[in-house]
Amino acid sequence: MLILGIETSCDETAAALVEDGTILSNVIASQIDLHARFGGVVPEVASRKHVEAIGYVIKEAFDSARRTPSEIDGIAVTSRYGLIGSLIVGVSAAKSLAYALKVPLVGTHHIEGHIFAPILSHPEMPMPHVCLTVSGGHTMLVYVKGLCQYEVMGNTLDDAAGEAFDKIAKFLNIGFPGGPAIDRLSLQGSRTAFDLPRPLVRSRSFDFSFSGLKTSVVNMFRGKERNAIPLPDVAASFQEAIADVLVSKTVHAAEHKGVAAISVTGGVSSNRRLREAFLETCGRLGLEVFFPHPDLRTDNAAMVAAAGAARLDHGEVAGLDLNAVPSAPLESAR
Ligand code: KG4
Ligand code: ZN
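Residues numbered from 1 in each chain as written. Chains lettered and ligands numbered in written order. Predicted model: local features only at pLDDT ≥ 70, side-chain atom pairs only at ≥ 80, totals over all residues. Heavy atoms only, no water.

Draft legend 1. Representation of the overall build of the protein in the model. Helix and strand counts for the protein come out as 10 helices and 10 strands. A compact globule built from 334 residues would reach a C-alpha radius of gyration of about 20 Å, and the protein, at 20 Å, matches this within 12%. Along the three orthogonal principal directions, the C-alpha set of the protein runs to about 60 × 45 × 30 Å. Across the 334 residues in the protein, those meeting the buried criterion constitute 54%. Split by element, the accessible area of the protein, about 13,900 Å² in all, is 52% carbon and sulfur. Within the protein, one finds 30 positive and 36 negative side-chain charges whose respective centroids are separated by 4 Å. (Helix = DSSP H or I, 4+ residues; strand = E, 2+ residues; numbered from the N terminus. Rg over C-alpha atoms; globule rule 2.2 N^0.38 Å. Buried < 20%, exposed > 50% of the residue type's maximum accessible area, 1.4 Å probe, protein only. Areas by Shrake-Rupley, 256 points an atom, 1.4 Å probe, with all protein chains shown as cover. Lys, Arg positive; Asp, Glu negative; His and termini not counted. Charge placed at Lys NZ, Arg CZ, Asp CG, Glu CD.)

Draft legend 2. A look at the coordination of the zinc ion (ligand 2). For the zinc ion (ligand 2), every protein donor is listed as His110 (NE2), His114 (NE2) and Asp299 (OD), and the spread of their distances is 2.0 to 2.1 Å. In this structure, the zinc ion (ligand 2) is coordinated by 4 donor atoms arranged in irregular fashion, with angles at the metal of 93 to 143°. In terms of primary sequence, the donors binding the zinc ion (ligand 2) are separated according to H-x3-H-x184-D. With His110 in helix α4 (residues 110-121) and Asp299 in the loop between β10 (288-290) and α10 (302-313), the pair connects residues that are 189 residues apart, well separated along the chain. (Donors = N, O, S within 2.8 Å, 3.2 Å for Na, K, Ca; no water. Tetrahedral: all angles 85-135°; square planar, octahedral: opposite > 155°, others 65-115°.)

Draft legend 3. A look at the domain arrangement of the protein. According to the domain assignment, the protein contains domain 1 (2-114 + 296-313) and domain 2 (125-294). In this structure, domain 1 and domain 2 have C-alpha centres spaced 26 Å apart. With 18 residues of domain 1 at the interface, the matching set in domain 2 holds 18 residues. Across the domain 1 to domain 2 interface the summed buried area is about 1,600 Å²; carbon plus sulfur atoms make up 63%. When the buried area of domain 1 at its contact with domain 2 is split by residue, Ile111, His114 and Arg297 rank highest and sum to 44% of it. Across the domain 1-domain 2 interface, the total number found is 0 salt bridges. Counting the contacts that link domain 1 with domain 2 gives 8 residue pairs in polar contact (both at pLDDT 80 or more). If you tally residues by element for the side of domain 1 that touches domain 2, the top one is α4, at 4 residues. Residue classes in the side of domain 1 that touches domain 2 are distributed as 9 nonpolar, 6 polar and 3 charged. (Domains from an automatic or database assignment. Contact = heavy atoms within 4.5 Å. Buried area = accessible area lost by both parts, 1.4 Å probe. Salt bridge = Lys/Arg side-chain N within 4 Å of Asp/Glu carboxyl O. Polar contact = N/O pair within 3.5 Å; in protein donor to acceptor, adjacent residues only side chain to side chain. Nonpolar A, V, L, I, M, F, W, Y, C, P; charged D, E, K, R; others polar.)

Draft legend 4. View of the side chain of Asp299. Among buried charged residues, Asp299 stands out as having no salt bridge; its nearest opposite-charge side chain is Arg297, 12 Å away. Reaching out from Asp299, the side chain makes a polar contact with the side chain of His114 at a distance of 3.0 Å. Dropping the residues within four chain positions of it, Asp299 is found in contact with Glu7, Ser9, Cys10, Glu12, Ile28, His110 and His114.

Draft legend 5. Summary view of the packing of aromatic side chains. Throughout the structure, instances matching the rule amount to 3 aromatic pairs. Both rings, one in Phe194 and one in Phe221, keep their centres 5.4 Å apart while their planes meet at 90°; by these two values the pair is edge-to-face. In this pair, Phe194 is assigned in the loop between α6 (178-186) and α7 (211-221) and Phe221 in helix α7, connecting sequence segments 27 residues apart. (Phe/Tyr/Trp six-rings, centres within 6.5 Å; stacked < 30°, edge-to-face > 60°.)

Draft legend 6. Spotlight on helix α2 (residues 43-65). The first and last C-alpha atoms of α2 sit 31 Å apart over 23 residues, in line with the 33 Å expected at 1.5 Å per residue. At Ala53, α2 is bent by approximately 45°, the largest bend along its length. Every buried residue of α2 is listed here: Ala46, Ser47, His50, Ala53, Ile54, Val57, Ile58, Ala61, Phe62 and Ala65. Of the surrounding secondary structure, the elements contacted by the buried residues of α2 are β1 (2-7), β2 (12-19), β3 (22-30), α1 (32-36) and α3 (84-101). Following α2 by one or two positions, Arg66 adopts a phi angle in the positive range, close to 55°. (Expected span 1.5 Å × (residues − 1). Bend = angle between axes of the 7 residues up to and from the residue.)

Okay, structure coming up:
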């Protein structure tokens, strides 16, 4: 089954062709440079840029895979969860193409896309497993019972982990997006230089909270001259606190469900220290851990095509009234 995936939920315009689990093309037009000067994604700017890029990105997905639109068997689009103006662009493009090509259309949840990124990267991944999906917009622990069968175990109560990275990087004035900037800087710093809080790490719930950690860093250095702040040490200690919380909660969730495998996905799964910490702890406990291939860690449309293929397999098809929904629960396929 050859599926066209379309993703425009935030600031990446993406289209991909995936055939029976093989990625034939994965095109991403990033708007990061455009938003960097504002220190965050500006929704109106993002939707306008998607309108400009979407046609070219879809064309490039076909051209680079050397396939034509008439060959596809279905279209999957992120229709749920994200910036409303951004989602509308992808959903409208997907509907027009599905109507013109007379192929089935399916809407997917953005987080479901992230859950499929490690599955697409490692088809041997066991089911059930526990998935930590962690990015700029969400931090969620999901019990993945089977393909498209989910139970949400925990969520962030305030900032997402990626958002905390972005806000601290903005406070330290080291660039946007903050995750990669802190990741790089932390290589020259000490993880134990500052003893920062590990919010909710001892709580029995699987929820997260990162805004207190962010405030501790801000309170520690507010009003100080920039050159008086040991940036690499702050970056490494802050990153360590986030990694500690994410690893400990995820492992706890896996033990609670009695699964032998976990996956870690979303933009923050690019973080070197986070991956290292997961490998160390999971190795010690005999848990398998899976990460997406590097191209599938941040937002992309190949993961959307994979999720859509699984939903089409479950017999789900959307009508031409498919709508864009900015905040929707992660739902299992029926
Ligand atoms: O999944 P994604 O592309 O978009 C959302 O769905 O939000 O994730 C983007 C987030 C940003 O907050 C960015 O700072 C973070 O992922 N990120 C990282 C790294 N690379 C991207 N965070 C920590 N370390 C990284 N290396
Ligand atoms: Zn995302």
